[in-house]
Structure formats: structure tokens, C-alpha cells
Amino acid sequence: MQLPEYLSVAGPGSDLIVVKRSKFIGHAAPAESEAEAMEFIAKISDEHKTATHNVWAYQIGEQDQWQRYSDDGEPSGTAGVPTLEVLKQMGLKNTVVVVTRYFGGTLLGASGLVRAYSRGAKVGIEAAGVVRKVLHNRIQITVDYSTSGKMENELHGYDQLILEPVSYTDRVTFSGLVPPARLGGLETLVQELTGGQSHVEVLGSEYVDFPV
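The structure reproduced in this document is the subject of the present report.

Things to note about the environment of Trp-56
Among the secondary structure elements, Trp-56 is positioned in strand S4 (residues 53-60). For the pair formed by Trp-56 and Val-81, sequence separation is 25 residues and the distance between their alpha carbons is 9.0 Å. Setting aside chain neighbours within four positions, we find Trp-56 in contact with Met-38, Ile-41, Arg-68, Tyr-69, Ser-70, Gly-80, Val-97 and Val-98.

Quick look at the nonpolar core
In terms of nonpolar packing, the biggest core is built from 23 residues, with Phe-24, Val-97, Tyr-117 and Ile-125 touching the most fellow members. Among the elements of the structure, strand S1 (5-9), strand S2 (13-19), strand S3 (22-30), S4, helix H2 (80-90), strand S6 (95-102) and helix H3 (109-128) are those that each provide at least two residues to this core. If one sorts the elements of this core by residue count, H3 sits on top with 7 residues. In contact with Ile-125, not counting residues within four places along its chain, are Val-9, Ala-28, Val-86, Leu-87, Met-90, Leu-92, Val-97 and Val-130. In this structure, Ile-139, Val-143, Tyr-158 and Val-172 belong to the second largest nonpolar core, which totals 14 residues.

Some thoughts on the sheet that holds S3
Across the sheet, 5 strands lie side by side as S2-S3-S6-S4-S5; this open sheet has antiparallel pairing. The open sheet terminates on both sides in strands that have one partner only, identified here as S2 and strand S5 (66-70). Averaged over all pairs of adjacent strands, the angle between their axes in this sheet comes to 15°, without regard to strand direction. One ladder, built from 7 bridges, connects S2 with S3; its direction is antiparallel. Looking at S3, one finds that Gly-13 is bridged to Ala-28.

Examining the packing of H2 against H3
For the pair H2 and H3, the least separation of the axes is 8 Å and the interaxial angle reads 50°. Considered as vectors, H2 and H3 are oriented oblique to each other. For the element pair H2 and H3, the recorded crossing hand is right-handed. Side by side, H2 and H3 meet where Pro-82, Thr-83, Val-86, Leu-87 and Met-90 of the first sit next to Val-114, Tyr-117, Ser-118, Ala-121, Lys-122 and Ile-125 of the second. Along the lines of polarity and charge, the residues of the contact of H2 with H3 split into 8 nonpolar, 2 polar and 1 charged.

Digging into unusual backbone geometry
A positive phi is found at Lys-20, a non-glycine position, where the angle reads about 50°. By the element assignment, Lys-20 lies in the loop between S2 and S3. Despite not being glycine, Asp-64 has its phi angle at roughly 55°, a positive value. Residue position: Asp-64 is located in the loop between S4 and S5. Taking relative accessible area as the criterion, Asp-64 reaches 22% and is therefore assigned partly exposed.

Points about the pattern of salt bridges
If you walk through the whole model with that rule in mind, you get 11 salt bridges. With a shortest N-O distance of 2.8 Å, Lys-133 and Asp-209 are connected by a salt bridge. With Lys-133 in strand S7 (residues 130-143) and Asp-209 in strand S11 (residues 201-211), this pair connects stretches of sequence that are 76 residues apart. For Asp-209, a relative accessible area of 32% corresponds to the partly exposed category. Measuring nitrogen to oxygen at the nearest pair gives 2.9 Å for the salt bridge that ties Glu-164 to Arg-138. Here Glu-164 is found in the loop between strand S8 (162-163) and strand S9 (167-168), whereas its partner Arg-138 is found in strand S7, with 26 residues between them in sequence.

About the thresholds
Residues numbered from 1 in each chain as written. Predicted model: local features only at pLDDT ≥ 70, side-chain atom pairs only at ≥ 80, totals over all residues. Heavy atoms only, no water. Helix = DSSP H or I, 4+ residues; strand = E, 2+ residues; numbered from the N terminus. Contact = heavy atoms within 4.5 Å. Core = buried A, V, L, I, M, F, W, Y, C linked by side-chain atoms within 4.5 Å. Buried < 20%, exposed > 50% of the residue type's maximum accessible area, 1.4 Å probe, protein only. Pairing = 2+ DSSP bridges. Axes fitted to C-alpha atoms, helices over the stretch in contact; angles between N-to-C directions. Parallel < 35°, antiparallel > 145°, perpendicular 65-115°, else oblique. Left-handed = near helix turned anticlockwise from the far one by under 90°. Nonpolar A, V, L, I, M, F, W, Y, C, P; charged D, E, K, R; others polar. Salt bridge = Lys/Arg side-chain N within 4 Å of Asp/Glu carboxyl O.

Below is the structure:
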């Protein structure tokens, strides 16, 4: 069963912090599967193959079933775990983070590394943009031209319906996205406007991003 909503990131993003001359570049991206997460990790690692470390972590699944991390050569517990902990604390699902480090010549110590990788993860996530992903039904409504004008006016005013461009062929087709909780009311509206001649066709479901 799909979650009604969850927090994730909007898209790939990255940002840089400098800690005692070491550069930490945080990269974050959405990932729907472990394979997608590993593909992103491989891409960043290849782009920064000369970096001292490419530490990563991801959290995937409706119940966060898949949680993985790598210290990539940093002392155990100082890099991968803090990066994963940022994902947990922010409540982000289906998200992967890579923190790239270019060593600046000064050792940071265990506590310093934890703070640096945590900050690196956060700036990467902030650059990617935290969003609330809300489950919507993709719908389609087909009506005659005689009722299309009134239907369009009503649909434009219907609460939480995301209406897409209208299709005009031998009939008029309205497409869009609506939260499952609003589907019943929309069906009633369509039935009333068309005298029971048209109905709401559900084509599937997908998540819509809303800024947090």
C-alpha cells in the first residue's frame, strides 16, 4: 500500500562547506530503489574520483526498509553513520546522499568528522530541496461539447484538483491529478453536471511534490 504522503527531496542538488581547509561537498537526490541510489553514488564518485573520500548513505522504502551507508575509508562511525542519521532526523524517505571530501591538510578528529559530514549532508539536502510528496490519483473526464464549458468552470474551482491542458477531439477530455480523499466528491460533481452520462476514470496514481 502506498503512503498518503512522505518527505523526500525534489531533485539532484549539491552545495559546499569548508572545514579547516577540507572541502565537503554534499550531494542529494531522490531514489526510488537501491539500484537508483547506487547509480547516483557511482555517478558522483566518478565525477569526484580524485577526492579523498566519497561517503554515502541512503534511506529507501515506505517503512525505510533499506538503509545503507559507507565510510569510504574514514574512521568507522565518523562519516557514513552521521550522514544516514541526518536522513533519519529529517524524516526523508527515498533519498540518497553523498558527501565528497577533499582533504585540506588538517585532521579533524572523530567529533570534528561527525560534525563536518552531518553539515555536508544537510547542505546537500537543502540544495536539492525538501518536498512533501502527496499521493494523487491521475484522472480523466470525457464530456460532450455541450457541457464542456460548464464542466471546465467547475473543475477550475474544484478544491485540490490539479487540472492539465484540455484535449479537444470529437469530445472534450479533461485530465488532472486529485488526492484520493477528493475523488468521491469529484465523481458526484461530474455525475450531476452530465446527468450521469460521464464519470471520472482513474488511470493510476502518482506523487505530487509540494515545497516544505
